[in-house]
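Topology and contacts: notes
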Amino acid sequence: MRYRNQDPREITARFDSVCPETGNRIRKGDPCVYFPRTRKAVHTDSRAAAEWRAQQFADAAGLDDANW
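Keep in mind it's a predicted model, so treat the numbers as computed, not measured.

For the protein chain, the helix and strand inventory stands at one helix and five strands. Seen in sequence order, the protein chain has helices and strands lined up from the N terminus as β-β-β-β-β-α. When each of the 68 residues of the protein chain is scored for burial, the buried share is 26%. Taking the contacts inside the protein chain whose residues are at least 6 apart along the sequence as the reference set, 23% of them involve residues at least 24 apart. Of the roughly 5,400 Å² of accessible surface on the protein chain, 46% is carried by carbon and sulfur atoms.

Quick look at the pattern of salt bridges now. By the definition in use, this model includes one salt bridge. One salt bridge connects Glu51 with Arg47, and the closest N-O pair in it is separated by 3.1 Å. In this pair, Glu51 and Arg47 are both assigned in helix 1 (residues 47-61), four residues apart and thus about one turn of the helix distant. Here Arg47 falls in the exposed class, since its relative accessible area comes to 63%.

Time to look at the sheet that holds strand 1 (residues 9-12). The strand order across the open sheet formed by three strands is 1-4-5, and the pairing between neighbours is antiparallel. Each end of this open sheet is capped by a strand with a single partner; those strands are strand 1 and strand 5 (40-43). Mean inter-strand twist for the sheet, computed between neighbouring axes without regard to direction, equals 45°. With four bridges connecting them, strand 1 and strand 4 (residues 31-35) associate as antiparallel partners. Following the sheet pairing, Thr12 is matched in strand 4 by Pro31.

Basis of the calculations
Residues numbered from 1 in each chain as written. Predicted model: local features only at pLDDT ≥ 70, side-chain atom pairs only at ≥ 80, totals over all residues. Heavy atoms only, no water. Helix = DSSP H or I, 4+ residues; strand = E, 2+ residues; numbered from the N terminus. Buried < 20%, exposed > 50% of the residue type's maximum accessible area, 1.4 Å probe, protein only. Contact = heavy atoms within 4.5 Å. Areas by Shrake-Rupley, 256 points an atom, 1.4 Å probe, with all protein chains shown as cover. Salt bridge = Lys/Arg side-chain N within 4 Å of Asp/Glu carboxyl O. Pairing = 2+ DSSP bridges. Axes fitted to C-alpha atoms, helices over the stretch in contact; angles between N-to-C directions.

Okay, here's the thing in structure tokens:
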């Protein structure tokens, strides 16, 4: 199944890279959060990844502020 324009999503890194937000290394096989529109992958410790996880939790839990 191909995901088109699902921004962002968690993926497994296919090659070594560096997080543009934190500067942390992302090694091949590590989980990371990928933003297809900007074509950037951020480290799981980054602020963007934390905000994405919080949004995913809010959506799944049906919280009132899920679509902030």
